[in-house]
Amino acid sequence: MILASNNAHKVTEVQAILADLGEEIIPQREAGCDFEVEETGTTFEENAYLKAIAVTRATGQPAIADDSGLEVDALGGEPGVYSARYTGNHEDTDEDRNNYLLKKLGDTPMEQRTARFVSCICLTFPNGDVLRARGTMEGKILFAARGKNGFGYDPLFQTDGYDRSNGELTPEEKNAISHRGKALRQIRKELEKYYADK
């Protein structure tokens, strides 16, 4: 099964959750897919499908793709599908995007800084079958970055029920509660059902 991504963090997370299904997960580059799919969808679901189907069409193999991002309520759901390019420049660093988010939120009080990470996963098969899953992680945006673990907006995000930022959680702690972890466990159930019906 090919992961429609070359993001090392995503490859590790997908492999960890789907490993014992007997599926070998390889990043798209290893399958000879040296292209980037243009994410023209207006939802995470649409973008996940665009990425997965492009790899399935190019390789004739099942492909799994994730599109995920951060939705901040006080900003009307921004950055949403633009999470990775929120500053307008895809070359900017995580730190650049975090600083931009903090600037946009300004002195918005903590009770109004509610947000969620969303992950939508799509699995496409050469025969046209499609499996989908969605996971969310609710929390708040902190006033300053904390912690060096994780990636993206993790240092700014504090999951409900925790007193540490996602950047201060261990990878194991984060995987147990993360939006992508939830979506992957859901897609795993869908996949088990799919194989059982075959």
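Residues numbered from 1 in each chain as written. Predicted model: local features only at pLDDT ≥ 70, side-chain atom pairs only at ≥ 80, totals over all residues. Heavy atoms only, no water.

Student: How should the pairing of strand S5 (residues 130-141) be read in this particular structure?
Tutor: Across a regular strand the side chains alternate sides, sitting on one face of the sheet and then on the other. Taken together, the eleven bridges between strand S4 (residues 114-124) and S5 define a ladder with antiparallel strand orientation. Each residue of the ladder has a partner; that of Arg-116, found in S5, is Glu-138. The hairpin formed by S4 and S5 contains five residues between the paired strands, and Gly-128 there has a positive phi angle of roughly 100°. Two elements, S5 and strand S6 (residues 157-159), share three bridges in a ladder whose sense is antiparallel. Of the residues in S6, the one forming a bridge with Lys-140 is Gln-158. (Pairing = 2+ DSSP bridges. Helix = DSSP H or I, 4+ residues; strand = E, 2+ residues; numbered from the N terminus.)

Student: Explain the state of the cysteines to me, please; I cannot follow it from the model alone.
Tutor: When the sulfur atoms of two cysteines share a covalent bond, that bond is a disulfide. One pass over the full model with this rule turns up zero disulfides. Take Cys-33: it sits in no disulfide, and the sulfur closest to it among the cysteines is that of Cys-122, at 15 Å. Overall, the relative accessible area of 2% leaves Cys-33 in the buried class. This cysteine, Cys-122, is not joined by any disulfide, and Cys-120 carries the nearest cysteine sulfur, 9.6 Å off. (Disulfide = S-S within 2.5 Å. Buried < 20%, exposed > 50% of the residue type's maximum accessible area, 1.4 Å probe, protein only.)

Student: Any chance you could explain unusual backbone geometry here in plain terms?
Tutor: With glycine set apart, most residues show a phi of negative sign, and most peptide bonds adopt trans. Between Glu-78 and Pro-79 the backbone carries a cis peptide bond, its omega angle lying at -5°. One can find Pro-79 in the loop between strand S3 (63-72) and helix H3 (94-105).

Student: I tried to follow the nonpolar core on my own but got confused; where do I start?
Tutor: Within soluble globular proteins, side chains that are nonpolar tend to cluster in buried spots. Grouped together as the largest cluster of nonpolar side chains are 18 residues, with contacts concentrated most on Leu-18, Ile-64, Leu-123, Leu-131, Leu-184 and Ile-187. Contact partners of Ile-187, with chain neighbours within four places excluded, come to Leu-18, Ile-64, Ile-121, Leu-123, Leu-131, Arg-132 and Ala-133. Of all hydrophobic cores here, the second largest spans 16 residues; its members include Tyr-86, Leu-105, Met-137 and Ile-141. (Core = buried A, V, L, I, M, F, W, Y, C linked by side-chain atoms within 4.5 Å. Contact = heavy atoms within 4.5 Å.)

Student: Looking at this structure, how should I read the side chain of Asp-154?
Tutor: Take Asp-154: it is sitting in the loop between S5 and S6. Once residues within four sequence positions are removed from consideration, Asp-154 is found in contact with Phe-117, Asn-149, Ser-165, Asn-166, Gly-167 and Lys-174.

Student: Help me understand the environment of Val-72, please; the structure alone is not making it clear to me.
Tutor: One can find Val-72 in strand S3. Looking at Val-72, the relative accessible area reads 0%, which means it is buried. Between the alpha carbons of Val-72 and Ala-31 there is a distance of 36 Å; along the sequence they are 41 residues apart.

Student: How do you make sense of the packing of helix H1 (residues 8-18) against helix H5 (residues 179-197) when you look at a structure like this?
Tutor: Two quantities define a packed helix pair, namely the angle between the helix axes and the distance between the axes. The contact between H1 and H5 brings their axes to 10 Å, and the two run at 45°. Considered as vectors, H1 and H5 are oriented oblique to each other. You can see that H1 and H5 cross each other, and the crossing is right-handed. From H1, Lys-10, Glu-13, Val-14, Ile-17 and Leu-18 reach across to H5, where they touch Arg-180, Gly-181, Leu-184, Arg-185, Ile-187 and Arg-188. (Axes fitted to C-alpha atoms, helices over the stretch in contact; angles between N-to-C directions. Parallel < 35°, antiparallel > 145°, perpendicular 65-115°, else oblique. Left-handed = near helix turned anticlockwise from the far one by under 90°.)

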